[in-house]
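Here is what each chain is made of, one letter per residue.
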Amino acid sequence: MQTTNPYKYLEQVSELFDSLNTREEINQVLDELEFLFDLIDPEFQDQVSDLISRLTKRLQELG
């Protein structure tokens, strides 16, 4: 799900959020979001933090 535009990637993750169901998928997206966090404008960092938090919770629910 990688793209060169970090904002487009955030949009993709938001759209596909409900389909991320395996530890591998979630970990990959978490890694990419953590990398993007410092690259994007501060005004969008809250959105990235929210996605990271929601994905981390989903990962914990998987056990």
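Everything below is about the structure shown above.
Structural notes, computed from the coordinates. Because the structure is predicted, anything quoted here is derived from the model rather than measured. (Residues numbered from 1 in each chain as written. Predicted model: local features only at pLDDT ≥ 70, side-chain atom pairs only at ≥ 80, totals over all residues. Heavy atoms only, no water.)

### Considerations on the packing of aromatic side chains
Here is step 1 of the chain: Within the structure shown, the criterion is met by one aromatic pair.
Here is step 2 of the chain: Ring centres of Tyr 7 and Phe 44 lie 5.0 Å apart, and the angle between their planes is 65°; on these two criteria the pair is classed as edge-to-face. Taken together, the residues Tyr 7 in helix α1 (residues 6-16) and Phe 44 in helix α3 (residues 42-62) connect sequence positions 37 residues apart.
Here is step 3 of the chain: A relative accessible area of 32% means that Tyr 7 is categorised as partly exposed.
Here is step 4 of the chain: The lysine or arginine in question, Arg 54, covers the ring of Phe 17, its NZ or CZ lying 4.1 Å from the ring centre. (Phe/Tyr/Trp six-rings, centres within 6.5 Å; stacked < 30°, edge-to-face > 60°. Helix = DSSP H or I, 4+ residues; strand = E, 2+ residues; numbered from the N terminus. Buried < 20%, exposed > 50% of the residue type's maximum accessible area, 1.4 Å probe, protein only. Lys NZ or Arg CZ within 6 Å of the ring centre and 35° of its normal.)

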